[in-house]
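# Understanding the architecture of this molecule
The lines below spell out each chain.
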Amino acid sequence: MPPNSRAAIRRRPKKQPAAISAAAMPPGSDSAHSPAVQAASHMPRSRAAFFSAASRNAASSPGCPEPGRATDANAPSARENTCKTPRNSAARPHISVSEQSAKYAVNHPAAYRIANAPVCESLRISRLRSGAAWLENFTLSSSTVEVRSAALPAAFSGLRVVQISDLHGRRFDAGSRYLLALVRLQSPDIIALTGDLADEFTDVSMLPPLLEGLTALAPTFYVTGNHEWVLSREKRQALFDLLDVAGVIRLPNECRLLEKGGASIVLAGVDDPNGPYDQKRPAQLVREIRQQYGKDAYILMLSHRNDELPLWAHMGVQTVLCGHGHGGIVRLPGIGAVFGTHMDLFPDYTAGLYEKDGTAMVVSRGLGGSRKLPLRIGNRPEVVTVVLQTEN
């Protein structure tokens, strides 16, 4: 090759990459100052063509600003305004999961019911259980406890004592007809009211139909509980007046002699320890009974407190009826009582028969709710029938 030709080849200028023409720019763009043009002028042809196509696609997307130019004075920065919507698709409104579920339920009702059947069934069972637990608080039950003692005269064997405790002024129906009907079914010889008949929230005007109905069934005896002594003096006296008018026999640390077939037993009652400070003590009452009726006299004691079994056993009282524990408020299968009256866990002496050294103590679960935890679970309100039997 001639030298001149070789020099001409060396001096031939390098071919510059083609710049993007103004026709490829979006309408209104400044081709001289466009970042796309400036960037493409330094790119190979293939990359410049790609950049041009990307610019056209971005400019044609709805809602996207032109490259390098804000659509509005108040619009956010180009970084924030970067369009994330796929090409040729409109922006979709946000639909929540609940809205989607509701639309699906309308459009596919059968499939929706099948898919949600376990959840619906679980909710239904939960509601039924909650309703049943609440209904338990107002559904009466009865139980029978047989107490045997060699000290009981044979003439009194089979004596039926119906015990009502811890009513707390609860109404089971108008006029207490349901409660009276349940007591009547027990065929009582004696009815014992062992305290907390009313409390500070009770409208005592609901009591006359119940009290008059009880005294019409059998002789009815009453001792106070702790809540009667929380009442104001006026309200407590109004309660005592209602008891007296209805014919209920109050036993404020007193006793009565019951006679039958030439034999007798002593029915006694003690006021709750919340009563007057100078009231007669149980030991003094028992001592007076022994002095008057003999040391072997059979004593049926009405008391409210359920935690004094060792005291009664020490004094030789044969049978004690009491309440106060509300059955433990919550009772669980295989465990029993859960809460005590002071919210202590798993208390003793909450329901049924307890014995110690020849003394039998019967504890009623009661009828009303505890004021500290006013509900009953697994622990229906209870009327107890105590049947006294002579032990041969």
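All figures in this text were calculated on a predicted structure; none of them were measured in a lab.

### Digging into the overall build of the protein chain
Of the regular secondary structure elements, the protein chain holds 11 helices and 14 strands. Relative to its full complement of 392 residues, the protein chain shows a buried share of 40%. Considering only contacts in the protein chain between residues 6 or more positions apart, those separated by 24 or more positions represent 70%. As displayed, the protein chain has an accessible area near 22200 Å², and 54% of this comes from carbon and sulfur atoms.

### Structural notes on the sheet that holds strand β14 (residues 382-390)
Judged by pairing direction, the sheet is mixed, and its 6 strands sit side by side in the order β1-β14-β2-β3-β4-β5 without closing on themselves. Either end of the sheet is taken by a strand with one partner, and the two such strands are β1 (141-149) and β5 (249-250). Pairing of β1 with β14, which is carried by 9 bridges, proceeds in the parallel orientation. Pairing of R148 across the sheet is with Q389, part of β14. Along the sheet, helix α8 (residues 207-217) makes contact with β2 (159-164), β3 (190-194) and β4 (220-223), crossing β3 at roughly 145°.

### Structural notes on a nonpolar patch on the surface
A grouping of L332, I335, L345 and F346 is seen on the molecular surface, where their side chains present a nonpolar patch of about 410 Å² in accessible area. Summarising the element assignment, L345 is placed in the loop between β11 (336-337) and β12 (352-356). Of the residues examined, L345 reaches a relative accessible area of 54% and is grouped as exposed.

### A few points about the packing of helix α7 (residues 177-185) against α8
Taken N-terminus to C-terminus, the directions of α7 and α8 make an angle of 15°; their axes are 10 Å apart at the nearest point. Taken together, the axes of α7 and α8 lie roughly parallel to each other. The handedness of the crossing between α7 and α8 comes out as right-handed. Together, L179, L180, V183 and R184 of α7 and P209, L210, G213, L214 and L217 of α8 make up the contact between the two elements. Here the contact of α7 with α8 is composed, by residue class, of 7 nonpolar, 1 polar and 1 charged.

### Quick notes on the nonpolar core
The nonpolar side chains of soluble globular proteins are, as a tendency, buried together. Counting residues in each nonpolar core, the largest one holds 29 residues, and the members touching the most others are L207 and L239. Counting residues per element, the ones that place at least two in this core are β2, α7, β3, α8 and α9 (233-246). If we skip the residues at most four places from it in the chain, L207 touches L167, L197, A198 and L239. Counting 24 residues, the second-largest nonpolar core is a separate cluster that includes L159, L258, I265 and L321.

### Re the pairing of strand β9 (residues 319-322)
Residues T319 and L321 line one face of β9 and the alternating positions V320 and C322 line the opposite face, and both faces are buried. Looking at chain direction, strand β8 (residues 299-302) and β9 are connected through 3 bridges and run parallel. Looking at β9, one finds that L302 is bridged to L321. Taken together, β8, helix α11 (residues 309-315) and β9 form a β-α-β motif whose crossover is right-handed. Relative to strand β13 (residues 359-363), β9 runs parallel, the two sharing 4 bridges. Note on β13: the bridge partner recorded for L321 is V362.

### Some thoughts on unusual backbone geometry
Within the chain, S176 stands out as a residue other than glycine whose phi angle is a positive 55°. Tracing the sequence through the fold places S176 in the loop between β2 and α7. At D196, a residue that is not glycine, the phi angle is positive and equals roughly 55°. Examined against the element boundaries, D196 turns out to sit in the loop between β3 and α8.

### Some thoughts on the sheet that holds strand β6 (residues 254-260)
Spatially, β6-β7-β8-β9-β13-β12 is the arrangement adopted by the 6 strands of the open sheet, whose pairing is mixed. The open sheet terminates on both sides in strands that have one partner only, identified here as β6 and β12. Each strand of the sheet is rotated relative to its neighbour by a mean of 20°, with strand direction disregarded. Examined bridge by bridge, β6 and strand β7 (residues 263-269) share 7 bridges and lie antiparallel to one another. When the sheet's bridge partners are listed, R256 is paired in β7 with L267.

### Thoughts on α7
Along α7, the residues classified as buried are L179, L180, L182 and V183. An end-on view of α7 places all buried positions within 160° of arc, on one side of the element. For α7, exposure combined with an orientation more than 90 degrees from the buried face picks out R177 and L185. Packing partners of the buried residues in α7 comprise β1, β2, β3, α8 and β14.

### Observations regarding the confidence of the model for the protein chain
Taken residue by residue, the protein chain gives an average pLDDT of 78. The fraction at 70 or more is 66%. With pLDDT under 50 throughout, residues 5-9 is counted as low confidence; its partners more than four residues away or in other chains account for 2 contacts.

Scoring rules and cut-offs
Numbering of residues starts from 1 in every chain and runs along the sequence as written. The predicted nature of this model means local features are confined to residues of pLDDT at least 70 and side-chain atom pairs, given and counted, to a pLDDT of 80 or more, with totals for whole chains, interfaces and linings taken over all residues. Side-chain numbers here rest on the full set of heavy atoms in the structure, without hydrogens or water. Elements are defined by DSSP. Helices are runs of H or I of four residues or more, strands are runs of E of two residues or more, and each kind is numbered from the N terminus. Between buried and exposed lies partly exposed: a residue is buried under 20% and exposed over 50% of the maximum accessible area for its type, with that area taken using a 1.4 Å probe on protein chains only. Contact between two residues is taken to exist if any of their heavy atoms lie within 4.5 Å; hydrogens are not considered. Working definition of accessibility: Shrake-Rupley area with a 1.4 Å probe, residue cover restricted to the visible protein chains. In this analysis, strands are considered paired if DSSP registers two or more bridges between them. Note on method: axes are straight lines fitted to C-alpha atoms, helices fitted across the in-contact stretch only, with angles between N-to-C directions ranging 0 to 180 degrees. For patch building, the residue pool is restricted to those with more than 30% relative accessible area and no salt bridge; the joining distance is 9 Å between like charges and 5 Å between nonpolar side chains (Val, Leu, Ile, Met, Phe, Trp, Tyr). Salt bridge, as used here, is a side-chain nitrogen of Lys or Arg placed within 4 Å of a carboxyl oxygen of Asp or Glu. An angle below 35 degrees is read as roughly parallel, one above 145 as roughly antiparallel, one from 65 to 115 as roughly perpendicular, and any other as oblique. Here a crossing is taken to be left-handed if its near helix is turned anticlockwise relative to the far helix by less than a right angle, and right-handed if that turn runs clockwise. For this classification, the nonpolar set comprises Ala, Val, Leu, Ile, Met, Phe, Trp, Tyr, Cys and Pro, the charged set comprises Asp, Glu, Lys and Arg, and every other residue, Gly included, is treated as polar. To qualify as a nonpolar core, a set must consist of buried Ala, Val, Leu, Ile, Met, Phe, Trp, Tyr and Cys residues joined through side-chain atoms within 4.5 Å. Here, the term right-handed applies to a crossover whose path from the first strand over the helix to the second runs clockwise when the strands point away from the viewer. Within this analysis, the arc is defined by the directions that extend from the helix axis to the C-beta atoms. Scored from 0 to 100, pLDDT records how confident the predictor is in each individual residue.

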